[in-house]
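Each chain is listed here by its residues.
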Amino acid sequence: MKDNKVVLITGAAGFIGSFLVRKFLGSGYKVIGIDDINSYYDKNLKLKRLKNIKEYSIVKNSSWSFYKISIEDKTNMQKIFLDTKPQIVVNLAAQAGVRYSIVNPYSYVKSNLLGFSNVLELCQSNDVKHLVYASSSSVYGSNNEYPFSEEHKVDTPLSFYAATKISNEMMANAYSNIYKLPITGLRFFTVYGPWGRPDMAPMIFADKILHKKSITVFNHGNMSRDFTYISDIVDGTYLCCLKVPKTSDAYQSGDPSILHRIFNIGNGNPVKLLDFIELLEDALSLKATKIFENIQPGDVASTYASTQNLEKWVGYQPSININDGVQKFAKWYLDFYQ
Ligand SMILES: NC(=O)c1ccc[n+]([C@@H]2O[C@H](COP(=O)([O-])OP(=O)(O)OC[C@H]3O[C@@H](n4cnc5c(N)ncnc54)[C@H](O)[C@@H]3O)[C@@H](O)[C@H]2O)c1
């Protein structure tokens, strides 16, 4: 039994967070979840994910506690850290979305900069053994060398969202250096699957196709994404949580005394947006009406992850191909929304 092991996961009601919570519950961990259940997208979806977690924790006879608070609320966060004493902290809470960062940049300052500073500070002052946090493929900005590798420079963000994620990597590096705090940063590449985010293309497209509304295809379809299925993301993230960086593990360039590692976590198989739409049309047995438009400000045309470093680190091997992943997503979507 691992019931003395405690993991604290922020963003637990979110898409990735809710699956990661379940992964830990199934592995015998005591799990503490934090989320402010904000209204960036449908709160009901977040509440239903939490309901699933609760039911799953009963089936697994595992300990699950949830706190509805914001990571900016340092006083209450500190109380939770003191009460629960997590060894592993996973920070997934963030204001996500590239386009919304043009509309409401301050929301990103609050969650991604102030909130993340709190998480770092609480980890260093509460003897946390390992912090894992969400970065993003968007940090590669205008980089046009493919596949994206962790060795590439990330100093040309194209959106404010990406700028906050690069900032998180810098902040984590400094905390790891000063406090010798082991930290792992994961650059997620376009995660999709059941219980996904309604602000992302798969959900937007599915909704519009089913309601016979036209879908907008940006950059006239000349886009590709390294779509990565949720279970691959969660399995890789879980393995990273259990592997704590040590100085002897250092293989990335830079100072090996800094216990901060950053990895891409993607599929390594970019898919053209128009091909993705075709797969979705097949899965839904409906045709989409497409409107072609220019690329949106802040967007990048293509993403493609090199996952060699993560493979060496934890044996990461994505196993769900795009055909199967879209089928699974569409099946869930039809069951859930219709
Ligand atoms: N899904 C992707 O494709 C993707 C890609 C790159 C990076 N990421 C990053 O991964 C993480 C998880 O993404 P997701 O897709 O699950 O997003 P999500 O929006 O579904 O989950 C984030 C959760 O955090 C909560 N939250 C936001 N701000 C908060 C705050 N200040 N305090 C407490 N809770 C807060 C939200 O209510 C939400 O439930 C985010 O950091 C995101 O930026 C996701």
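Structure: above.
Nothing here was measured: the structure is a model prediction, and the numbers come from that model. (Residues numbered from 1 in each chain as written. Predicted model: local features only at pLDDT ≥ 70, side-chain atom pairs only at ≥ 80, totals over all residues.)

*Asks:* Now, about the site of the ligand: what can you tell me, with residues and values included?
*Replies:* What surrounds the ligand is a group of 29 residues, the closest being Gly 11, Gly 14, Ala 94, Ser 111 and Ala 134. Listing elements by their share of the shell around the ligand, those giving two or more residues are α1 (15-26), α5 (105-125) and β5 (130-136). Among the elements that take part in the shell around the ligand, α1 stands out by supplying three residues, more than any other. In terms of residue class, the shell around the ligand is built from 13 nonpolar, eleven polar and five charged. (Near = placed C-beta within 6 Å. Helix = DSSP H or I, 4+ residues; strand = E, 2+ residues; numbered from the N terminus. Nonpolar A, V, L, I, M, F, W, Y, C, P; charged D, E, K, R; others polar.)

*Asks:* Lay out the sheet that holds strand β6 (residues 183-188) in plain terms, naming residues and giving numbers.
*Replies:* An order of β3-β2-β1-β4-β5-β6-β11 is seen for the seven strands of this open sheet, with the pairing classed as parallel. The sheet terminates laterally at β3 (64-67) and β11 (260-265), the two strands that pair on one side only. Across the sheet, the axes of successive neighbouring strands diverge by a mean angle of 15 degrees, strand direction being ignored. In the sheet, strand β1 (residues 6-10) pairs with strand β2 (residues 30-34) via five bridges, with the strands oriented parallel. Note that in β2 the partner of Thr 10 across the bridge is Ile 34. Of the strands in this sheet, β1, β2 and β3 touch helix α3 (residues 74-84), which is tilted by about 175 degrees from β2. (Pairing = 2+ DSSP bridges. Axes fitted to C-alpha atoms, helices over the stretch in contact; angles between N-to-C directions. Contact = placed C-beta atoms within 7 Å.)

*Asks:* Please give an account of the pairing of β6 that cites residues and values.
*Replies:* For β6, the buried fraction is high: six of the six residues fall into the buried class. Side-chain alternation along β6 places Ile 183, Gly 185 and Arg 187 on one buried face and Thr 184, Leu 186 and Phe 188 on a second face that is also buried. Bridge count between β5 and β6: six bridges; the pairing is parallel. Counterpart to Ser 135 in the pairing with β6 is Arg 187. You can see the chain leave β5, run along helix α6 (residues 160-179) and come back into β6, and the turn it takes is right-handed. Where β6 and β11 come together, six bridges link them in parallel fashion. Directly across from Leu 186, in β11, lies its bridge partner Phe 263. (Buried ≥ 20, exposed ≤ 12 C-beta atoms within 10 Å, placed from the backbone. Right-handed = clockwise from strand over helix to strand, strands pointing away.)

*Asks:* Describe in detail helix α9 (residues 273-284), supporting the description with residues and values.
*Replies:* If you check α9, its first and last C-alpha atoms are 16 Å apart, about what twelve residues at 1.5 Å a residue would give, namely 16 Å. Of all the residues in α9, the buried ones are Leu 273, Phe 276, Ile 277, Leu 280 and Ala 283. Taken around the axis of α9, the buried residues stretch over an arc of 125 degrees, which confines them to a single face. On its buried face, α9 is in contact with α7 (201-210), β8 (215-217), β9 (224-225), β12 (271-272) and α11 (322-337). (Expected span 1.5 Å × (residues − 1). Arc of directions from axis to C-beta.)

*Asks:* Describe in detail the packing of α5 against α6, supporting the description with residues and values.
*Replies:* For the pair α5 and α6, interaxial distance at closest approach is 10 Å and the crossing angle is 15 degrees. Of the possible angle classes, the one that applies to α5 and α6 is roughly parallel. Considering how the two elements wind past one another, α5 and α6 form a crossing that is right-handed. Contact with α5, carried on its side by Pro 105, Tyr 108, Asn 112, Leu 113, Phe 116, Ser 117, Leu 120 and Gln 124, involves Phe 160, Tyr 161, Thr 164, Ser 167, Asn 168, Met 171, Ala 172, Tyr 175 and Tyr 179 of α6 and no other residues of that element. (Parallel < 35°, antiparallel > 145°, perpendicular 65-115°, else oblique. Left-handed = near helix turned anticlockwise from the far one by under 90°.)

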